[in-house]
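So you can see what is in the structure, the chains are spelled out below.
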Amino acid sequence: MNHIAYISVGSNLKDRIHNCKNAIDQISLFSKILLSSSFYETESWGYEDKNLFINSVIKIETTLSPSQLLNNLQLIEQKYGRIKNINNNYEARIIDLDILFFDKIILNSNDLVIPHMHLYDRNFVLIPFNEIDPEFLCPSRKLKIFKLLQICQDKSKVYISTLSS
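Conventions and cut-offs
- Residues numbered from 1 in each chain as written.
- Predicted model: local features only at pLDDT ≥ 70, side-chain atom pairs only at ≥ 80, totals over all residues.
- Heavy atoms only, no water.
- Salt bridge = Lys/Arg side-chain N within 4 Å of Asp/Glu carboxyl O.
- Helix = DSSP H or I, 4+ residues; strand = E, 2+ residues; numbered from the N terminus.
- Buried < 20%, exposed > 50% of the residue type's maximum accessible area, 1.4 Å probe, protein only.
- Phe/Tyr/Trp six-rings, centres within 6.5 Å; stacked < 30°, edge-to-face > 60°.
- Lys NZ or Arg CZ within 6 Å of the ring centre and 35° of its normal.

Asker: Looking at this structure, I do not really get the pattern of salt bridges. What am I missing?
Answerer: Two side chains that carry opposite charge are able to pair once their charged atoms sit near each other. Per the counting criterion, the structure on display carries 4 salt bridges. The salt bridge involving Arg16 is made with Glu41; its shortest N-O contact spans 3.0 Å. Placement of the pair is Arg16 in helix H1 (residues 16-27) and Glu41 in strand S3 (residues 40-42), with a sequence separation of 25 residues. For Arg16, a relative accessible area of 15% gives the class buried. Judged by its relative accessible area of 18%, Glu41 falls in the buried class. In this structure, the salt-bridge partner of Asp133 is Lys59, at a minimum N-O distance of 4.0 Å. With Asp133 in the loop between helix H3 (123-132) and helix H4 (145-151) and Lys59 in strand S4 (residues 53-62), this pair connects stretches of sequence that are 74 residues apart. We note that Asp133, like Lys59, is buried.

Below is the structure:
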C-alpha cells in the first residue's frame, strides 16, 4: 500500500545544502519524492548557535510503515554522522530528518509522534511546508498548513537560501 508522508530536512554543520540534498537522495532510494520545497536559511530553534540551519520539507510516497520510515530516516542520519543526543537537548547537527505527517494518522508512541509535536511552533517547518502544500489539512488540529503558519507564535527569521552546493 502506498502512503503519503511529509519529512522535514535540516542541517547546520559543514556543507548544509549538500547534506540536505544527500539525505533527500537517500530517501529517494526507498520512497518517491513528490514535492520538495526550496532550501531556507533559519536561526537555530531551542538553543543558541552561531551556525544557521538549512531547512526544507519534502512530500514523499512510500510503501513503508511509519516505524519503518522512521528507522530508515535514522539510518540516513547515522550514515552522515549524526549522533543522537541522549539528553534530548537541541544541538548542532549534520542532518536532521523528522516525519511531520504520515497519511492522516495520529500516532503517539514512545518512538514516534505523528503529527510531529513541535511543527506548530516552528516557522522553519511551516514556511517550507506552506510552499509545497498550503492546503494540507492537519488531522489533529483540523487546520490547513497556511492557517497554522498564520497563527504560529514563532518569530524567528526564515529566508530562502541563496547558497548553492
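Asker: Looking at this structure, how should I read the packing of aromatic side chains?
Answerer: One pair of aromatic rings is described through two measures. These are the centre distance and the angle between the planes. Inspection of the entire model under this criterion finds 6 aromatic pairs. Aromatic pair Phe101 and Phe136: ring centres 4.6 Å apart, planes at 50 degrees, arrangement tilted. Within this pair, whereas Phe101 is found in strand S5 (residues 96-102), its partner Phe136 is found in the loop between H3 and H4, the two being separated by 35 residues in sequence. What makes Phe101 buried here is its relative accessible area of 0%. On the basis of an interplanar angle of 45 degrees and a centroid distance of 5.6 Å, the ring pair of Phe129 and Phe136 is categorised as tilted. Of the two residues, Phe129 and Phe136, neither departs from the other in class, the shared state being buried. Here the aromatic cluster, defined as three or more aromatic residues joined through ring pairs, consists of Tyr6, Phe101, Phe129 and Phe136. We note Lys104 situated over the ring of Phe136; from NZ or CZ to the ring centre the distance is 4.2 Å.

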